[in-house]
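# Commentary on secondary and tertiary structure
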Amino acid sequence: MLAAKKILIGVTGSIAAYKIAMLVRLLVKAGAEVKIIMTPSAAEFVTPLTLSTLSRNEVHVDLSNGKSWTNHVALGRWADLFLIAPLSCNTLAKMSSGLCDNLLMASYLSSTAPVVVAPAMDEDMWLHPSTKSNLKTIAGFGNRVLPVGNGDLASGLSGEGRMAEPEAIFSYLEEFFDEALSLKHWKALVTAGPTYEAIDPVRYIGNRSSGKMGLAVAQELSARGAEVTLIMGPSELSISDKSIKLVRIESAREMFDACLSIFDQVDLVVMAAAVADYKPETVSTVKIKKTTNSFTLPLVKTDDILLALGQRKTTQILAGFALETDNEKENATGKMIRKNADLMILNSLRDEGAGFGHDTNKITILTRSGESFSYELKDKQQVAKDIVDNIVKLRHA
(Lines give C-alpha, C1' and ligand atoms only; values in the text may rest on other atoms or scores of the structure.)
Protein backbone atom coordinates (compact mmCIF):
# COMPACT_ATOMS: atom_id res chain seq x y z
CA MET A 1 0.00 0.00 0.00
CA LEU A 2 2.98 2.34 0.54
CA ALA A 3 4.61 1.56 -2.81
CA ALA A 4 5.17 4.75 -4.83
CA LYS A 5 3.68 6.93 -2.04
CA LYS A 6 5.46 10.23 -1.49
CA ILE A 7 6.18 10.77 2.20
CA LEU A 8 7.61 14.06 3.45
CA ILE A 9 9.02 13.73 6.97
CA GLY A 10 9.66 16.73 9.21
CA VAL A 11 12.12 15.97 12.02
CA THR A 12 12.28 18.32 15.02
CA GLY A 13 14.63 18.72 17.96
CA SER A 14 13.97 15.75 20.23
CA ILE A 15 16.05 12.81 21.37
CA ALA A 16 13.45 10.62 19.67
CA ALA A 17 14.83 11.86 16.33
CA TYR A 18 17.20 8.89 16.31
CA LYS A 19 14.20 6.58 15.74
CA ILE A 20 13.43 8.22 12.40
CA ALA A 21 16.35 6.39 10.79
CA MET A 22 14.54 3.08 11.34
CA LEU A 23 11.24 4.50 10.09
CA VAL A 24 12.85 5.83 6.91
CA ARG A 25 14.40 2.43 6.27
CA LEU A 26 11.02 0.72 6.67
CA LEU A 27 9.33 3.17 4.32
CA VAL A 28 11.97 2.92 1.61
CA LYS A 29 11.94 -0.87 1.85
CA ALA A 30 8.15 -0.76 1.32
CA GLY A 31 8.64 1.21 -1.89
CA ALA A 32 7.79 4.70 -0.63
CA GLU A 33 9.68 7.76 -1.82
CA VAL A 34 10.88 9.70 1.21
CA LYS A 35 12.08 13.27 1.49
CA ILE A 36 13.12 14.84 4.77
CA ILE A 37 13.14 18.30 6.32
CA MET A 38 15.02 18.82 9.59
CA THR A 39 15.01 21.75 11.95
CA PRO A 40 18.52 22.95 12.87
CA SER A 41 18.10 21.56 16.39
CA ALA A 42 17.07 18.16 15.01
CA ALA A 43 20.44 17.96 13.24
CA GLU A 44 22.09 17.94 16.65
CA PHE A 45 20.39 14.61 17.47
CA VAL A 46 20.77 12.77 14.14
CA THR A 47 22.90 13.84 11.18
CA PRO A 48 21.40 14.88 7.84
CA LEU A 49 23.95 12.57 6.19
CA THR A 50 22.46 9.53 7.95
CA LEU A 51 18.92 10.31 6.83
CA SER A 52 20.04 11.34 3.36
CA THR A 53 21.79 8.00 2.91
CA LEU A 54 18.75 6.02 4.10
CA SER A 55 16.18 8.05 2.15
CA ARG A 56 18.33 8.34 -1.00
CA ASN A 57 17.33 11.98 -1.20
CA GLU A 58 18.91 15.24 -0.10
CA VAL A 59 17.89 16.29 3.41
CA HIS A 60 16.76 19.92 3.71
CA VAL A 61 17.58 21.95 6.80
CA ASP A 62 17.70 25.64 5.88
CA LEU A 63 15.57 27.93 3.74
CA SER A 64 18.77 29.13 2.06
CA ASN A 65 22.37 28.06 1.89
CA GLY A 66 23.56 31.54 0.88
CA LYS A 67 23.53 30.75 -2.83
CA SER A 68 20.04 29.33 -3.42
CA TRP A 69 16.80 28.80 -1.53
CA THR A 70 14.80 25.66 -0.84
CA ASN A 71 11.38 25.68 -2.49
CA HIS A 72 9.21 24.94 0.54
CA VAL A 73 6.01 25.24 -1.51
CA ALA A 74 7.20 22.56 -3.93
CA LEU A 75 8.08 20.22 -1.04
CA GLY A 76 4.66 20.60 0.56
CA ARG A 77 2.85 20.06 -2.74
CA TRP A 78 5.03 17.09 -3.71
CA ALA A 79 3.95 14.92 -0.78
CA ASP A 80 1.05 12.50 -0.54
CA LEU A 81 1.45 12.76 3.24
CA PHE A 82 3.43 15.06 5.54
CA LEU A 83 4.63 13.31 8.72
CA ILE A 84 6.15 15.40 11.50
CA ALA A 85 8.01 13.04 13.81
CA PRO A 86 9.15 13.57 16.41
CA LEU A 87 6.95 16.58 17.06
CA SER A 88 8.59 18.61 19.80
CA CYS A 89 6.70 20.84 22.20
CA ASN A 90 8.32 23.86 20.55
CA THR A 91 7.23 22.96 17.00
CA LEU A 92 3.76 22.04 18.27
CA ALA A 93 3.39 25.56 19.65
CA LYS A 94 4.53 27.01 16.31
CA MET A 95 2.02 24.89 14.41
CA SER A 96 -0.74 26.02 16.74
CA SER A 97 0.05 29.72 16.34
CA GLY A 98 1.21 29.70 12.70
CA LEU A 99 4.72 30.93 13.58
CA CYS A 100 7.01 30.52 10.54
CA ASP A 101 10.71 30.78 11.36
CA ASN A 102 12.28 27.76 9.68
CA LEU A 103 12.01 25.57 6.58
CA LEU A 104 9.85 22.94 8.28
CA MET A 105 7.22 25.47 9.35
CA ALA A 106 7.27 27.19 5.94
CA SER A 107 6.67 23.81 4.31
CA TYR A 108 3.93 22.89 6.79
CA LEU A 109 2.04 26.15 6.30
CA SER A 110 2.15 25.85 2.51
CA SER A 111 1.52 22.09 2.27
CA THR A 112 -1.60 20.72 0.61
CA ALA A 113 -0.98 17.17 1.89
CA PRO A 114 -2.65 15.52 4.88
CA VAL A 115 -0.53 16.02 8.00
CA VAL A 116 0.19 13.39 10.66
CA VAL A 117 2.18 14.22 13.80
CA ALA A 118 3.91 11.98 16.35
CA PRO A 119 4.53 14.01 19.53
CA ALA A 120 7.56 13.37 21.73
CA MET A 121 8.28 15.13 25.00
CA ASP A 122 8.70 14.61 28.72
CA GLU A 123 5.60 13.71 30.73
CA ASP A 124 5.27 17.05 32.52
CA MET A 125 5.41 18.87 29.18
CA TRP A 126 2.93 16.41 27.64
CA LEU A 127 0.44 16.93 30.48
CA HIS A 128 0.76 20.72 30.59
CA PRO A 129 -2.51 22.55 29.77
CA SER A 130 -0.81 24.60 27.04
CA THR A 131 0.31 21.42 25.29
CA LYS A 132 -3.19 19.96 25.46
CA SER A 133 -4.60 23.22 24.11
CA ASN A 134 -2.11 23.27 21.22
CA LEU A 135 -2.86 19.64 20.34
CA LYS A 136 -6.57 20.41 20.28
CA THR A 137 -5.89 23.41 18.03
CA ILE A 138 -3.84 21.53 15.43
CA ALA A 139 -6.34 18.65 15.46
CA GLY A 140 -8.99 21.24 14.71
CA PHE A 141 -6.95 22.22 11.64
CA GLY A 142 -7.42 18.66 10.37
CA ASN A 143 -4.03 17.29 11.45
CA ARG A 144 -3.98 13.73 12.78
CA VAL A 145 -2.24 13.22 16.11
CA LEU A 146 -0.72 9.83 16.88
CA PRO A 147 -0.95 8.67 20.50
CA VAL A 148 2.17 8.82 22.62
CA GLY A 149 3.63 5.83 24.41
CA ASN A 150 4.24 5.25 28.11
CA GLY A 151 7.70 4.26 29.32
CA ASP A 152 11.24 5.48 29.94
CA LEU A 153 11.83 9.14 29.06
CA ALA A 154 14.99 11.11 28.32
CA SER A 155 14.71 12.85 31.70
CA GLY A 156 15.21 9.53 33.44
CA LEU A 157 11.58 9.44 34.51
CA SER A 158 8.97 7.00 33.28
CA GLY A 159 5.56 8.06 32.01
CA GLU A 160 3.61 9.41 29.06
CA GLY A 161 5.23 11.33 26.23
CA ARG A 162 7.32 8.78 24.31
CA MET A 163 7.03 9.06 20.55
CA ALA A 164 5.22 6.15 18.92
CA GLU A 165 7.67 3.46 17.84
CA PRO A 166 8.76 3.37 14.16
CA GLU A 167 6.87 0.12 13.58
CA ALA A 168 3.66 1.62 14.97
CA ILE A 169 4.01 4.75 12.81
CA PHE A 170 4.70 2.57 9.76
CA SER A 171 1.55 0.52 10.44
CA TYR A 172 -0.49 3.70 10.86
CA LEU A 173 0.72 5.03 7.51
CA GLU A 174 -0.22 1.76 5.83
CA GLU A 175 -3.71 1.99 7.34
CA PHE A 176 -3.96 5.66 6.39
CA PHE A 177 -3.43 5.02 2.69
CA ASP A 178 -5.70 1.99 2.76
CA GLU A 179 -8.36 4.17 4.41
CA ALA A 180 -7.72 7.01 1.98
CA LEU A 181 -8.89 4.79 -0.87
CA SER A 182 -11.96 3.42 0.91
CA LEU A 183 -14.38 5.87 -0.73
CA LYS A 184 -12.56 6.54 -3.98
CA HIS A 185 -14.93 7.09 -6.93
CA TRP A 186 -17.81 7.74 -4.50
CA LYS A 187 -19.77 10.98 -4.60
CA ALA A 188 -20.94 12.41 -1.29
CA LEU A 189 -23.36 15.15 -0.28
CA VAL A 190 -22.98 16.79 3.14
CA THR A 191 -25.09 19.55 4.67
CA ALA A 192 -23.82 21.80 7.46
CA GLY A 193 -24.64 24.87 9.51
CA PRO A 194 -27.96 26.56 10.28
CA THR A 195 -30.61 27.97 8.00
CA TYR A 196 -31.95 31.50 8.33
CA GLU A 197 -35.65 32.05 7.69
CA ALA A 198 -36.36 35.69 6.88
CA ILE A 199 -38.93 37.69 8.84
CA ASP A 200 -38.21 40.96 7.06
CA PRO A 201 -35.12 42.42 5.32
CA VAL A 202 -33.15 42.61 8.59
CA ARG A 203 -34.54 39.87 10.89
CA TYR A 204 -34.62 36.12 10.69
CA ILE A 205 -35.30 32.89 12.60
CA GLY A 206 -32.08 30.92 13.11
CA ASN A 207 -30.18 28.68 15.50
CA ARG A 208 -26.73 28.35 17.08
CA SER A 209 -25.26 25.76 14.69
CA SER A 210 -21.68 26.67 13.67
CA GLY A 211 -21.34 24.15 10.84
CA LYS A 212 -18.20 22.61 12.42
CA MET A 213 -19.55 19.05 12.57
CA GLY A 214 -20.73 18.98 8.98
CA LEU A 215 -17.47 20.52 7.75
CA ALA A 216 -15.46 17.89 9.67
CA VAL A 217 -17.51 15.11 8.04
CA ALA A 218 -16.98 16.64 4.60
CA GLN A 219 -13.23 16.86 5.19
CA GLU A 220 -13.06 13.25 6.40
CA LEU A 221 -14.99 11.97 3.38
CA SER A 222 -12.70 13.95 1.08
CA ALA A 223 -9.62 12.56 2.83
CA ARG A 224 -10.86 9.04 2.05
CA GLY A 225 -11.18 9.73 -1.64
CA ALA A 226 -14.83 10.77 -2.01
CA GLU A 227 -15.90 13.58 -4.30
CA VAL A 228 -17.71 15.85 -1.83
CA THR A 229 -20.32 18.57 -2.27
CA LEU A 230 -20.86 20.57 0.93
CA ILE A 231 -24.10 22.54 1.13
CA MET A 232 -23.60 25.02 3.95
CA GLY A 233 -25.93 27.48 5.60
CA PRO A 234 -24.77 30.84 7.00
CA SER A 235 -21.43 30.23 8.73
CA GLU A 236 -18.15 32.04 9.31
CA LEU A 237 -16.17 28.86 8.66
CA SER A 238 -13.77 28.78 5.72
CA ILE A 239 -13.02 25.68 3.63
CA SER A 240 -9.32 24.98 3.13
CA ASP A 241 -9.82 21.74 1.17
CA LYS A 242 -10.15 22.96 -2.42
CA SER A 243 -11.36 19.54 -3.59
CA ILE A 244 -14.64 20.05 -1.68
CA LYS A 245 -17.31 21.74 -3.78
CA LEU A 246 -18.95 24.37 -1.56
CA VAL A 247 -22.51 25.52 -2.14
CA ARG A 248 -23.63 28.42 0.08
CA ILE A 249 -27.33 28.73 0.92
CA GLU A 250 -29.39 30.66 3.45
CA SER A 251 -32.90 29.24 3.86
CA ALA A 252 -34.33 25.75 4.34
CA ARG A 253 -35.97 25.98 0.92
CA GLU A 254 -32.65 26.82 -0.72
CA MET A 255 -31.02 23.84 1.01
CA PHE A 256 -33.93 21.61 -0.03
CA ASP A 257 -33.56 22.62 -3.68
CA ALA A 258 -29.77 22.27 -3.64
CA CYS A 259 -29.93 18.79 -2.09
CA LEU A 260 -32.56 17.46 -4.47
CA SER A 261 -30.78 18.89 -7.50
CA ILE A 262 -27.81 16.54 -7.03
CA PHE A 263 -29.23 13.72 -4.88
CA ASP A 264 -29.66 11.31 -7.79
CA GLN A 265 -25.97 11.69 -8.70
CA VAL A 266 -24.49 10.89 -5.27
CA ASP A 267 -23.73 7.66 -3.42
CA LEU A 268 -24.02 8.85 0.16
CA VAL A 269 -25.52 11.73 2.09
CA VAL A 270 -24.80 13.04 5.59
CA MET A 271 -27.41 15.56 6.75
CA ALA A 272 -25.51 17.41 9.49
CA ALA A 273 -27.21 20.79 9.02
CA ALA A 274 -29.53 22.20 11.68
CA VAL A 275 -32.41 23.05 9.37
CA ALA A 276 -35.18 25.27 10.76
CA ASP A 277 -38.41 23.36 11.39
CA TYR A 278 -40.59 26.45 10.88
CA LYS A 279 -40.46 29.67 8.90
CA PRO A 280 -42.64 32.81 8.83
CA GLU A 281 -45.83 32.33 6.83
CA THR A 282 -45.14 35.61 5.04
CA VAL A 283 -42.00 37.73 4.74
CA SER A 284 -42.31 41.48 4.98
CA THR A 285 -40.59 43.38 2.20
CA VAL A 286 -39.86 46.28 4.55
CA LYS A 287 -38.54 46.40 8.10
CA ILE A 288 -41.33 45.76 10.59
CA LYS A 289 -41.66 48.71 12.98
CA LYS A 290 -42.06 48.38 16.74
CA THR A 291 -45.50 49.96 16.99
CA THR A 292 -47.39 47.65 19.37
CA ASN A 293 -46.74 46.02 22.74
CA SER A 294 -47.14 42.53 21.30
CA PHE A 295 -46.41 40.95 17.95
CA THR A 296 -47.71 37.70 16.52
CA LEU A 297 -45.68 35.90 13.89
CA PRO A 298 -47.53 33.03 12.16
CA LEU A 299 -45.19 30.16 11.31
CA VAL A 300 -45.47 27.27 8.85
CA LYS A 301 -43.42 24.11 8.52
CA THR A 302 -40.34 24.12 6.32
CA ASP A 303 -39.69 21.38 3.78
CA ASP A 304 -38.42 18.19 5.47
CA ILE A 305 -35.23 17.53 3.52
CA LEU A 306 -34.27 14.25 5.18
CA LEU A 307 -37.78 12.84 4.65
CA ALA A 308 -37.78 13.88 0.99
CA LEU A 309 -34.40 12.25 0.38
CA GLY A 310 -35.46 9.10 2.25
CA GLN A 311 -38.52 8.77 0.05
CA ARG A 312 -36.45 9.29 -3.08
CA LYS A 313 -33.37 7.21 -2.31
CA THR A 314 -32.55 4.04 -4.21
CA THR A 315 -29.02 2.80 -3.54
CA GLN A 316 -27.72 5.82 -1.59
CA ILE A 317 -26.55 5.57 2.00
CA LEU A 318 -28.42 8.22 3.98
CA ALA A 319 -27.30 9.43 7.42
CA GLY A 320 -29.14 11.98 9.53
CA PHE A 321 -28.58 13.78 12.83
CA ALA A 322 -30.96 13.90 15.77
CA LEU A 323 -30.52 16.42 18.60
CA GLU A 324 -32.62 15.26 21.54
CA THR A 325 -33.33 16.30 25.13
CA ASP A 326 -35.40 13.34 26.37
CA ASN A 327 -36.07 9.74 25.32
CA GLU A 328 -33.06 10.23 23.11
CA LYS A 329 -32.59 6.78 21.56
CA GLU A 330 -36.30 6.15 21.16
CA ASN A 331 -36.87 9.48 19.42
CA ALA A 332 -33.78 9.17 17.22
CA THR A 333 -34.69 5.61 16.20
CA GLY A 334 -38.22 6.70 15.35
CA LYS A 335 -36.85 9.52 13.21
CA MET A 336 -34.54 7.12 11.37
CA ILE A 337 -37.40 4.73 10.56
CA ARG A 338 -39.89 7.44 9.55
CA LYS A 339 -37.44 9.14 7.25
CA ASN A 340 -35.93 5.97 5.76
CA ALA A 341 -32.38 6.81 6.84
CA ASP A 342 -29.70 4.14 7.15
CA LEU A 343 -27.87 5.74 10.08
CA MET A 344 -28.90 8.25 12.71
CA ILE A 345 -26.26 10.19 14.65
CA LEU A 346 -27.67 11.09 18.04
CA ASN A 347 -26.65 14.14 20.07
CA SER A 348 -28.03 14.78 23.54
CA LEU A 349 -28.23 18.29 24.96
CA ARG A 350 -27.65 16.62 28.32
CA ASP A 351 -24.00 15.95 27.37
CA GLU A 352 -21.65 18.77 28.34
CA GLY A 353 -19.32 19.85 25.54
CA ALA A 354 -21.52 18.33 22.80
CA GLY A 355 -23.71 19.88 20.13
CA PHE A 356 -23.83 23.48 18.90
CA GLY A 357 -20.93 25.88 19.28
CA HIS A 358 -18.38 23.39 20.61
CA ASP A 359 -15.18 22.03 19.06
CA THR A 360 -16.08 18.67 20.62
CA ASN A 361 -19.04 16.33 20.31
CA LYS A 362 -20.38 13.17 21.90
CA ILE A 363 -22.47 10.90 19.72
CA THR A 364 -24.32 7.62 19.54
CA ILE A 365 -24.73 6.04 16.10
CA LEU A 366 -27.90 4.03 15.51
CA THR A 367 -28.47 1.67 12.58
CA ARG A 368 -31.61 0.23 11.01
CA SER A 369 -30.48 -3.25 12.04
CA GLY A 370 -30.83 -2.21 15.68
CA GLU A 371 -27.16 -1.70 16.49
CA SER A 372 -26.05 1.17 18.70
CA PHE A 373 -22.50 2.53 19.01
CA SER A 374 -21.75 5.12 21.69
CA TYR A 375 -18.56 7.20 21.76
CA GLU A 376 -16.92 9.36 24.40
CA LEU A 377 -16.53 13.14 24.05
CA LYS A 378 -14.05 13.85 21.25
CA ASP A 379 -12.82 16.60 18.96
CA LYS A 380 -15.23 16.91 16.04
CA GLN A 381 -12.54 15.81 13.58
CA GLN A 382 -12.29 12.52 15.47
CA VAL A 383 -16.09 12.27 15.70
CA ALA A 384 -16.22 12.67 11.91
CA LYS A 385 -13.82 9.75 11.60
CA ASP A 386 -16.15 7.57 13.70
CA ILE A 387 -19.12 8.57 11.55
CA VAL A 388 -17.32 7.83 8.29
CA ASP A 389 -15.99 4.52 9.68
CA ASN A 390 -19.60 3.44 10.16
CA ILE A 391 -20.55 4.59 6.67
CA VAL A 392 -17.67 2.56 5.18
CA LYS A 393 -18.72 -0.46 7.25
CA LEU A 394 -22.29 -0.11 5.99
CA ARG A 395 -21.07 0.22 2.42
CA HIS A 396 -19.28 -3.13 2.68
CA ALA A 397 -22.04 -4.90 4.60
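Look up a bit, the structure's there.
Here's a quick rundown of the structure. (Residues numbered from 1 in each chain as written. Predicted model: local features only at pLDDT ≥ 70, side-chain atom pairs only at ≥ 80, totals over all residues. Heavy atoms only, no water.)

## Topic: the overall build of the protein
The helix and strand tally for the protein stands at 13 helices and 22 strands. C-alpha atoms of the protein, sized along the principal axes, occupy 75 × 50 × 40 Å. Across the 397 residues of the protein, 51% fall into the buried class. Partitioning the intrachain contacts of the protein with sequence separation of at least 6 by distance along the chain shows that 67% fall at a separation of at least 24. Total accessible area on the protein stands at roughly 19200 Å², and carbon and sulfur atoms take up 50% of it. The centroid of the 43 positive side-chain charges in the protein is displaced by 4 Å from the centroid of its 45 negative side-chain charges. (Helix = DSSP H or I, 4+ residues; strand = E, 2+ residues; numbered from the N terminus. Buried < 20%, exposed > 50% of the residue type's maximum accessible area, 1.4 Å probe, protein only. Contact = heavy atoms within 4.5 Å. Areas by Shrake-Rupley, 256 points an atom, 1.4 Å probe, with all protein chains shown as cover. Lys, Arg positive; Asp, Glu negative; His and termini not counted. Charge placed at Lys NZ, Arg CZ, Asp CG, Glu CD.)

## Some points on the sheet that holds strand β13 (residues 245-248)
Spatial strand order, β13-β12-β9-β14-β17-β18-β20-β21: 8 strands in an open sheet with mixed pairing. The open sheet is flanked by β13 and β21 (372-374), the only strands paired with a single partner. Averaged over neighbouring strand pairs, the angle between their axes works out to 15 degrees when direction is ignored. For strand β9 (residues 187-192) and strand β14 (residues 268-271), the ladder comprises 4 bridges, and the chain directions are parallel. (Pairing = 2+ DSSP bridges. Axes fitted to C-alpha atoms, helices over the stretch in contact; angles between N-to-C directions.)

## Points about helix α4 (residues 89-97)
Within α4, the full set of buried residues consists of T91, L92, K94, M95 and S96. Those residues of α4 that are buried are in contact with β4 (81-87), α5 (103-110), β5 (115-119) and α7 (129-140).

## Focus: the environment of L103
Its place among the elements puts L103 in helix α5. Measuring from C-alpha to C-alpha, the distance between L103 and A4 comes to 25 Å, with 99 residues separating the pair along the chain.

## Thoughts on the side chain of S209
Summarising the element assignment, S209 is placed in the loop between β11 (204-205) and α9 (212-223). Each residue touching S209, except ones within four places of it in the same chain, is listed here: G193, P194, A274 and F356.

## A few points about the packing of α9 against helix α13 (residues 380-395)
With their axes 8 Å apart at the nearest point, α9 and α13 run at an angle of 55 degrees to one another. Considered as vectors, α9 and α13 are oriented oblique to each other. Pair α9 / α13 crosses with right-handed handedness. Counted together, K212, M213, A216, V217, Q219, E220 and L221 of α9 and K380, Q381, V383, A384, K385, I387 and V388 of α13 form the full contact between these two elements. Of the residues assigned to the contact of α9 with α13, the class counts are 8 nonpolar, 2 polar and 4 charged. (Parallel < 35°, antiparallel > 145°, perpendicular 65-115°, else oblique. Left-handed = near helix turned anticlockwise from the far one by under 90°. Nonpolar A, V, L, I, M, F, W, Y, C, P; charged D, E, K, R; others polar.)

## Remarks on the pairing of strand β2 (residues 33-38)
In the sheet, strand β1 (residues 6-11) pairs with β2 via 6 bridges, with the strands oriented parallel. Bridge pairing links L8 to K35 in β2. Taking the sense of rotation as the criterion, the β-α-β connection linking β1, helix α1 (residues 20-29) and β2 turns out right-handed. Two elements, β2 and strand β3 (residues 59-60), share 2 bridges in a ladder whose sense is parallel. Within β3, the residue paired with I37 across the bridge is H60. With helix α2 (residues 48-55) bridging β2 and its parallel neighbour β3, the resulting β-α-β unit is right-handed. (Right-handed = clockwise from strand over helix to strand, strands pointing away.)

## Comments concerning the sheet that holds β2
Strand order across the open sheet formed by 6 strands is β3-β2-β1-β4-β5-β6, with parallel pairing between neighbours. Pairing within the sheet leaves two strands with one partner each, and these edge strands are β3 and β6 (144-145). Of the strand pairs in this sheet, β4 and β5 are connected by 4 bridges, and their pairing is parallel. The residue of β5 that forms the bridge with I84 is V117.

## Considerations on the pairing of strand β17 (residues 317-324)
Moving residue by residue along a regular strand, the side chains alternate between the two faces of the sheet. With 7 of its 8 residues buried, β17 lies for the most part within the structure. Across 4 bridges, β14 lies against β17 in parallel orientation. Across the sheet, M271 pairs through a bridge with G320, a residue of β17. The pairing of β17 with strand β18 (residues 343-348) spans 6 bridges and is parallel. Across the sheet, residue A319 finds its bridge partner in β18, namely L343. Viewed along the sheet, the connection from β17 through helix α12 (residues 328-338) into β18 turns out right-handed.

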